[in-house]
Amino acid sequence: MNEKRNIFAHHHPVSKAERIAQSGHKPAIVWFTGLSGSGKSTVAGAVEEMLHAQNIHTYLLDGDNLRMGLNSDLGFSEADRDENIRRVGQVAKLFVDAGVVVLSSFISPSAAERARVRELVSVDEFIEVFVNCPLEVCEERDVKGLYAKARAGLIESFTGVSAPYEAPSNAEIEIDTHSLSIAESAGMVANYVLKKIKN
């Protein structure tokens, strides 16, 4: 028996349009993708501060934080990583429905999984940010000590070392965090977002 036949969508009295009207700006998913150590979370945090200062309703979803709660049951197999991004995409979609600009910081190495998230919302509600930084620079930073563990064989299927990363070919924004400062990178993203969401 298919239990899903007993599930019905509940339509809420307050519409997405009404929530957008109240906030005074359009919602969006700002999706930061890049290698570990590229600066995704740092730049996303700086962008959120800039948008917050402009009275934009925001929320930041970070990979490690979600793996401590919502996705704490998932490992790092290919199937689990796909499920991780699937869940994050669905959460981000809810934030868009709430009229919020949600900044999502995830390695998300597969172009296909990023495309699936993009398809969850309207064309103008998804902004992909490619945080581009050479692998050798990310490895030199090794902020969390993960590259060293991966090179030592302590972490399997580590993106950039023993697992592939498919760089975006059509990202709305590309920032080179090897040559740009955090402030410069965040400013580029924040300015782009503000132009897209202002009513």
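Since we're looking at a predicted model, the values are computed, not measured. (Residues numbered from 1 in each chain as written. Predicted model: local features only at pLDDT ≥ 70, side-chain atom pairs only at ≥ 80, totals over all residues. Heavy atoms only, no water.)

1. Concerning the pattern of salt bridges
- Summed over all chains, the structure comprises nine salt bridges.
- Between Glu 83 and Arg 87 there is a salt bridge, and its shortest N-O distance comes to 2.8 Å. A residue pair is termed a helical-turn pair when its members lie 3 or 4 positions apart in one helix, as Glu 83 and Arg 87 do in helix H4 (residues 78-97) at four residues.
- Overall, Arg 87 belongs to the buried group, its relative accessible area being 19%.
- Among the salt bridges present, the one from Arg 118 reaches Glu 128, with a minimum N-O distance of 3.6 Å. With Arg 118 in helix H5 (residues 111-118) and Glu 128 in strand E4 (residues 126-132), this residue pair connects regions lying ten residues apart in the sequence.
- Given a relative accessible area of 23%, Arg 118 falls into the partly exposed group.
- Classification of Glu 128 as buried rests on a relative accessible area of 4%.
- Within the structure, one salt-bridge network assembled from shared partners comprises Asp 73, Glu 83, Arg 86 and Arg 87. (Salt bridge = Lys/Arg side-chain N within 4 Å of Asp/Glu carboxyl O. Helix = DSSP H or I, 4+ residues; strand = E, 2+ residues; numbered from the N terminus. Buried < 20%, exposed > 50% of the residue type's maximum accessible area, 1.4 Å probe, protein only.)

2. Some details on the confidence of the model for the chain
- When pLDDT is averaged across the chain, the result is 91; 96% of the residues are at 70 or more.
- Here helix H3 (residues 63-67) is the element of the chain with the lowest mean pLDDT, 81, and E4 is the one with the highest, 98. (pLDDT = per-residue confidence, 0-100.)

3. Side note on the packing of aromatic side chains
- Counting across every chain of the model gives five aromatic pairs.
- Between Phe 130 and Tyr 165 the ring centres are 6.3 Å apart and the planes differ by 25 degrees, which places this aromatic pair in the stacked class. Here Tyr 165 lies in the loop between helix H7 (146-151) and strand E5 (173-176) and Phe 130 lies in strand E4, a separation of 35 residues in the sequence. The residues Phe 130 and Tyr 165 share a single accessibility class, namely buried.
- With a centroid separation of 5.0 Å and 80 degrees between ring planes, the pair formed by Tyr 147 and Phe 158 is classed as edge-to-face. Residue Tyr 147 is located in helix H7, and its partner Phe 158 is located in the loop between H7 and E5; the two are separated by eleven residues in the primary sequence.
- Judged by its relative accessible area of 1%, Tyr 147 is buried.
- On the basis of relative accessible area, Phe 158 is assigned to the buried category, the value being 8%.
- An aromatic cluster of three or more residues is present, and its members are Trp 31, Phe 106 and Phe 126. (Phe/Tyr/Trp six-rings, centres within 6.5 Å; stacked < 30°, edge-to-face > 60°.)

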